[in-house]
Amino acid sequence: VVEVMYPKFPEVAILIRILAFIGILNSLNSQSGSLQIAFGRTDLGFKWTVIRVVTTTLAIVAASSFTIFTVAYAQLILTVLLLYVYWAVTVRPVIPLSFKDYVQPLAGPLAVVSVLSLIVFGIRCFTGTSLPVDAVLCSIFIIVVLVYYFRFHRLEIDEIIKLMRK
């Protein structure tokens, strides 16, 4: 989308992709705040906030002497590395959930999107970038992701549809 709307700034598309991936990984962390409150362990959230502020600040300061892309990649690496720390500090003390079970909901969709992204990237390298090629690739990408969700996450889809009808 960025490449179509802002063709003079192709670098921005790379930055948006990196930041989107960071957002995907951070989505794992969004549920435990409710658990902490429900179990009366908001101290865990405070500990995590201190860890995240310190590590993020250090990563940004270290990477900012280079380029904005270095800062984005540093944040991505930090997010991946801190997934385990987040689980150990905020999730494990509240509920008996293994790290494998914690990241499991993200594994399937991440694998599908990663494989599709590599395929799309490969096709774009050989065919070049043009609006018709991008439109076809985007359509195929969306169809495959939807088929994956309807095949392996049908219950979640049904729940979303029920919520939309209310």
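Residues numbered from 1 in each chain as written. Predicted model: local features only at pLDDT ≥ 70, side-chain atom pairs only at ≥ 80, totals over all residues. Heavy atoms only, no water.

Section: the overall build of the chain
For the chain, the helix and strand inventory stands at eight helices and zero strands. Going from the N terminus to the C terminus, the chain shows its helices and strands as α-α-α-α-α-α-α-α. Residues classed as buried in the chain amount to 27% of the 166 residues present. In the form shown here, the chain has an accessible surface area of approximately 11,300 Å², with 75% of it arising from carbon and sulfur atoms. (Helix = DSSP H or I, 4+ residues; strand = E, 2+ residues; numbered from the N terminus. Buried < 20%, exposed > 50% of the residue type's maximum accessible area, 1.4 Å probe, protein only. Areas by Shrake-Rupley, 256 points an atom, 1.4 Å probe, with all protein chains shown as cover.)

Considerations on the confidence of the model for the chain
On average, the chain scores 79 in pLDDT, and the residues at 70 or more come to 90%. Across the chain, the element-wise mean pLDDT spans from 58 in helix α1 (residues 2–5) up to 90 in helix α4 (residues 42–63). (pLDDT = per-residue confidence, 0-100.)

Some points on empty space enclosed by the protein
Inspection of every chain in the model, using the stated rule, returns one cavity of 30 Å³ or more. Put simply, the largest cavity is a space of about 40 Å³. For the largest cavity, the full set of lining residues is L25, N26, N29, W48, R52, T79, L82 and L83. Secondary structure elements with two or more residues in the lining of the largest cavity: α2 (10–26), α4 and α5 (68–91). Considering each element in turn, the lining of the largest cavity owes the most residues, three residues, to α5. Residues belonging to the lining of the largest cavity are distributed by class as follows: four nonpolar, three polar and one charged. (1 Å grid on protein atoms, 1.4 Å probe; cavity = no way out; pocket = protein on both sides within 12 Å on 5 of 7 lines; lining within 4 Å. Points joined across faces, edges and corners; volume = space filled by probe spheres on them. Nonpolar A, V, L, I, M, F, W, Y, C, P; charged D, E, K, R; others polar.)

Considering helix α6 (residues 99–127)
Helix length check: α6, at 29 residues, gives a terminal C-alpha distance of 41 Å against a target of 42 Å (1.5 Å per residue), a fit within 8%. Most pronounced at P105, the bend in α6 amounts to some 40°. Looking only at α6, the buried set comprises Y102, L106, P109, V112, L116 and R124. (Expected span 1.5 Å × (residues − 1). Bend = angle between axes of the 7 residues up to and from the residue.)

Here's the deal with the nonpolar core
Soluble globular proteins tend to pack their nonpolar side chains together in the buried interior. W48, A59, L78, L82, Y86, W87, A88, V91 and Y102 together form the largest nonpolar core, which totals nine residues. Mapped onto this core, the elements with two or more residues apiece are α4 and α5. Membership of the second largest hydrophobic core comes to eight residues, among which are I18, L25, A72 and L83. (Core = buried A, V, L, I, M, F, W, Y, C linked by side-chain atoms within 4.5 Å.)

Let's talk about the pattern of salt bridges
Enumeration according to the criterion identifies one salt bridge in this entry. A salt bridge links R41 to D43, with the nearest nitrogen and oxygen atoms 3.1 Å apart. On the basis of relative accessibility, which here comes to 33%, the residue D43 falls in the partly exposed class. (Salt bridge = Lys/Arg side-chain N within 4 Å of Asp/Glu carboxyl O.)

Looking at the packing of aromatic side chains
The full count for this structure, using the stated rule, is four aromatic pairs. On the numbers, 4.7 Å between centres and 80° between planes, the contact of W48 with Y86 is edge-to-face. With W48 in helix α4 and Y86 in helix α5, the pair connects residues that are 38 residues apart, well separated along the chain. We classify W48 as buried; its relative accessible area is 11%. Their ring planes at 65° and their centres at 5.7 Å tell us that W87 and F99 sit as a pair that is edge-to-face. Taken together, the residues W87 in helix α5 and F99 in helix α6 connect sequence positions twelve residues apart. Here W87 falls in the buried class, since its relative accessible area comes to 7%. Members of the aromatic cluster, each reached through a chain of ring pairs, are Y84, W87 and F99. (Phe/Tyr/Trp six-rings, centres within 6.5 Å; stacked < 30°, edge-to-face > 60°.)

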